[in-house]
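Given next are the chains, with one letter for each unit.
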Amino acid sequence: MLPLPGDDEVLRALVRRRDTGVRDDGHCIALVVSGGGMRGVYAGGMAHALDDAGLGGCFDVVYGSSAGAYIGGALLLGDGRGAAHIFFEDMACRAFVDPRRLGSRRPMVSLDHLLGHILTVAKPMSWERLRDSPVPLRVVATAADDLTPHVLEPRSVPEWRLAMRATAAIPVLAGPAVRLHGRRWIDGSVAEPLPVLRALRDGATHVLALLNRTLPELRATDPGAGPARWARALDRLAPGLGAMAQESARHGPSMTVLDDAAHPSRTGAHLLAVLPGHDVGVRGLTIDPARVERAARVGYAALQEALERVDPTPRTGT
């Protein structure tokens, strides 16, 4: 299977910034982090590798949907290691994901546990620093009324908390829609799991995309079995929502760009996608800590391998 056509100039530009300390190079380098629930651990491992290589602070803007927004935020705050370790140390547990809650009044995925315990006690997130970050985090969410993707614009700490809840909220699965700035929002991955086109439209000259699926998964055309029970429940709430929330077709628009070096959206821009080297069986609701940790290592190794093409002696960490 042919690889995705990518441009290593994205990594070279990051390495030059790191080595020279010069950011005024005329570039706009964007990091795009895909979502996908617990699958986000692959991208978390990649963020860890970026941070260990000294590249975490070299971006001009970061985009993320759902889990990708949390990973991007951690990297901006200098905690790439935490972006990976949070998945297997804190999130891989029934307090966060419990399929047995399906059918009850409690969501299968507890954003209350994520925001109220994990990001408050176990691995606190500095909402003030995120709000004041000179490098913006573009949090993508889906409007509940028409299922279109948008970038949220939180201005205060309470609004940042709401925005991060909104980008991960899915009725039935992960809690009700979140109201912010006069509209109701749900998981950004429902409508835009990988905001590559958005970054290019916004004027990025270089885009590094961290993906949570292997190439065969991304290129698969067979949607597989029919919709899951939770997806059928979503369709009863809003026709089309269940289908969008499932994984089979949501990456189509991004793949059109990623898989075509001559795509008009790539004209004049450098684009590189980093994918897991292999699948270790982590899905959106996987809570096996050992398996989730293996996925983090796979993501870390994938980013390291990409860096070695342009930086033969990259920095390493743990």
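Residues numbered from 1 in each chain as written. Predicted model: local features only at pLDDT ≥ 70, side-chain atom pairs only at ≥ 80, totals over all residues. Heavy atoms only, no water.

Looking at an unreviewed UniProt entry, the protein carries the name Patatin family protein, with the source organism given as Pseudonocardia hydrocarbonoxydans.

Q: Any details on the overall build of the protein? Residues and values, ideally.
A: Helix and strand counts for the protein stand at 14 helices and eight strands. When burial is assessed residue by residue, the protein has 56% of its 318 residues classed as buried. Just so you have it, the protein exposes about 13400 Å², and 52% of that area is on carbon and sulfur atoms. (Helix = DSSP H or I, 4+ residues; strand = E, 2+ residues; numbered from the N terminus. Buried < 20%, exposed > 50% of the residue type's maximum accessible area, 1.4 Å probe, protein only. Areas by Shrake-Rupley, 256 points an atom, 1.4 Å probe, with all protein chains shown as cover.)

Q: Before we move on, could you go through the confidence of the model for the protein and cite the residues and values that matter?
A: Looking at the protein, the pLDDT average stands at 90 and 89% of residues meet or exceed 70. Confidence over residues 221–226 falls short of pLDDT 50; this stretch has two contacts with residues more than four positions distant or in other chains. (pLDDT = per-residue confidence, 0-100. Contact = heavy atoms within 4.5 Å.)

Q: Could you give an account of the environment of arginine 129, with specific residues and numbers?
A: Turning to its location among the elements, arginine 129 is positioned in helix H6 (residues 127–132). For arginine 129 and leucine 76, which are 53 residues apart along the polypeptide, the C-alpha to C-alpha distance reads 9.2 Å.

Q: Account for helix H7 (residues 157–166), with residues named and values stated.
A: Looking only at H7, the buried set comprises Val157, Glu159, Trp160, Ala163, Met164 and Ala166. Of the surrounding secondary structure, the elements contacted by the buried residues of H7 are helix H3 (67–76), H6, strand E3 (137–143), strand E5 (178–180) and strand E6 (183–186).

Q: Describe the pairing of strand E1 (residues 29–33), listing the residues and the values that go with them.
A: Look at any regular strand and the pattern is simple: side chains alternate between the two faces of the sheet. For E1, the buried fraction is high: five of the five residues fall into the buried class. Residue alternation in E1 divides its side chains into two sets, Ile29, Leu31 and Val33 and Ala30 and Val32, and both sets are buried. Crossover connection from E1 via helix H2 (residues 41–52) to parallel strand E2 (residues 61–65): handedness right-handed. (Right-handed = clockwise from strand over helix to strand, strands pointing away.)

Q: Would you mind going over the layout of surface pockets in detail, with residue names and values included?
A: Unoccupied space between atoms shows up once a probe the size of one water molecule is rolled over them. When its volume is computed, the second largest pocket comes out at roughly 450 Å³. Lining the second largest pocket are 21 residues, with Ala273, Val274, Leu275, Pro276 and Arg309 positioned closest to its centre. Among the elements of the structure, helix H10 (215–219), strand E8 (270–274) and helix H14 (289–308) are those that each provide at least two residues to the lining of the second largest pocket. (1 Å grid on protein atoms, 1.4 Å probe; cavity = no way out; pocket = protein on both sides within 12 Å on 5 of 7 lines; lining within 4 Å. Points joined across faces, edges and corners; volume = space filled by probe spheres on them.)

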